[in-house]
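What follows is each chain in one-letter form.
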Amino acid sequence: MTELLPLMTYCFVMSSTPGPNNVMLTASGANFGYRGALPQIMGINVGGFIQTFITCLGLGVLLAGHPTAQMLLRVAGALYLIYLATRLAGASVGPARAPLPVTFWQGALFQAINPKSWVKAITLASVFMPAGMGAVQGALVVSVIGLAIGFPCISMWALFGVAIRRLLADPRKQRAFNWLMAGTLVVLALSFLR
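Position labels on residues start from 1 in each chain and follow its written sequence. Given that the model is predicted, a residue must reach a pLDDT of at least 70 before its local features are reported, and side-chain atom pairs must reach 80 or more before they are shown or counted; all residues, however, enter totals for whole chains, interfaces and linings. The side-chain quantities take in all heavy atoms of the structure and omit both hydrogens and water.

Caption draft 1: Structural context of a nonpolar patch on the surface. A cluster of nonpolar residues, Met71, Val75, Leu79, Leu190 and Leu193, forms a patch on the protein surface that exposes about 430 Å² of accessible area. Of all the elements, helix H3 (residues 67–89) adds the most residues to the nonpolar patch, at 3 residues. Comment: elements are numbered from the N terminus, with helices defined as DSSP H or I runs of at least four residues and strands as E runs of at least two. Mapped onto the elements, Leu190 comes out in helix H7 (residues 171–192). Within this analysis, patches are made of residues with over 30% relative accessible area and no salt bridge. Like charges are joined at 9 Å or less; nonpolar side chains (Val, Leu, Ile, Met, Phe, Trp, Tyr) at 5 Å or less. Working definition of accessibility: Shrake-Rupley area with a 1.4 Å probe, residue cover restricted to the visible protein chains. Definition used for salt bridges: Asp or Glu carboxyl oxygen within 4 Å of a side-chain nitrogen of Lys or Arg.

In structure tokens form, the structure reads like this:
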């Protein structure tokens, strides 16, 4: 178990710190509640599991050797974040909120263009694969640990959004919050392009 502690710590840090998933989950929790954010939470976890598993099986090596593919992923991720930011900034406030929450599939598929998710998956594959296990078994261990630790960590961001919901009862405050979250997504998007 002690040899897994560094892996578990890394998964905790990467899942708990701010990034595109957690900013979007805070906004979803604030606007739609935990139940409304749950499909997105599940999608992020399943997408991260699949991404980590296939990266541990060799995809990470291919990406690391192709800077053009890395740049395309960063650009696609940045464009998607800007798209989400415009949806969030344009959301109406009050009971008839729009847009709809991020879906399970949107959360899962976003991992394919989320640079922070790729950094996490490639690091897990290159640093934390358990010694003495076959590739599939090692990939499964790393992916399951990432999933088990990631779920409560990213859930806390949605729950933070839920916690500040009462503060956003005033439509002006909710609109300002949505603009703040949209701006944060744009800043993250621009950071992908550096």
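Here the narrative resumes.
Caption draft 2: Fine view of the packing of aromatic side chains. Any Phe, Tyr or Trp ring, taking Trp's six-membered ring, that has another such ring centre within 6.5 Å forms a pair; planes under 30 degrees apart are called stacked, those over 60 apart edge-to-face, and the others tilted. Evaluated as defined, the whole model comprises 3 aromatic pairs. A centroid spacing of 5.0 Å and a plane angle of 90° characterise the contact between Phe104 and Trp105, whose relative ring orientation is edge-to-face. Classification of residues uses two cut-offs on accessible area relative to the type maximum, computed with a 1.4 Å probe and protein chains only: under 20% is buried, over 50% is exposed, and between them is partly exposed. You can call Phe104 partly exposed: its relative accessible area is 24%.

Caption draft 3: Examining the pattern of salt bridges more closely. For the structure shown, the criterion picks out 1 salt bridge. Between Asp170 and Arg172 there is a salt bridge whose closest N-O contact spans 3.1 Å. Arg172 gets classed as exposed once you look at its relative accessible area, which sits at 63%.

Caption draft 4: Structural context of the packing of helix H1 (residues 5–16) against helix H6 (residues 135–163). As a packed pair, H1 and H6 sit with axes 8 Å apart at the nearest point and diverge in direction by 35°. Regarding H1 and H6, the two cross each other, and that crossing is right-handed. Touching Leu7, Met8, Cys11, Phe12, Ser15 and Ser16 of H1 are Val142, Ile145, Gly146, Ile149, Gly150, Cys153, Ile154, Met156 and Trp157, all from H6. When residues are grouped by polarity, Ala, Val, Leu, Ile, Met, Phe, Trp, Tyr, Cys and Pro land in nonpolar, Asp, Glu, Lys and Arg in charged, and all others, Gly among them, in polar. Here the contact of H1 with H6 is composed, by residue class, of 11 nonpolar, 4 polar and no charged. Each axis is a line fitted through C-alpha atoms, taken for helices only over the stretch in contact, and angles between the N-to-C directions span 0 to 180 degrees. What makes a crossing left-handed is the near helix being turned counterclockwise from the far one by less than a right angle; a clockwise turn instead makes it right-handed. Note on contacts: a residue pair is in contact if any heavy atoms of the two residues lie within 4.5 Å.

Caption draft 5: Here's a closer look at the nonpolar core. For this analysis, a nonpolar core means a set of buried residues of the types Ala, Val, Leu, Ile, Met, Phe, Trp, Tyr and Cys, connected via side-chain atoms within 4.5 Å. Judged by nonpolar contacts, the single largest core of 21 residues is most densely connected at Met24, Leu81, Phe110, Phe177, Met181 and Leu185. Of all the elements, H3 adds the most residues to this core, at 7 residues. With 14 residues, the next largest nonpolar core counts Cys56, Leu124, Ile145 and Cys153 among its residues.

Caption draft 6: Summary view of the state of the cysteines. To count as a disulfide, a pair of cysteine sulfur atoms needs to be within 2.5 Å. As enumerated under the stated definition, the model contains 0 disulfides in all. In this structure Cys153 is a free cysteine whose sulfur lies 8.9 Å from that of Cys11, the closest cysteine sulfur available.

Caption draft 7: View of the environment of Met133. Note that Met133 resides in the loop between helix H5 (115–127) and H6. Take Met133: its relative accessible area is 34%, and that puts it in the partly exposed class. Separated by 11 residues in sequence, Met133 and Val144 have C-alpha atoms that sit 15 Å apart. With residues up to four places along the chain from it excluded, the contact list for Met133 reads Gly138 and Val141.

Caption draft 8: Up close: the side chain of Ser117. Considering the arrangement of structural elements, one finds Ser117 in helix H5. Note on Ser117: relative accessible area 10%, which makes it buried. Not counting the four nearest positions on each side in its chain, Ser117 is found in contact with Asn21, Gln51 and Gln111.

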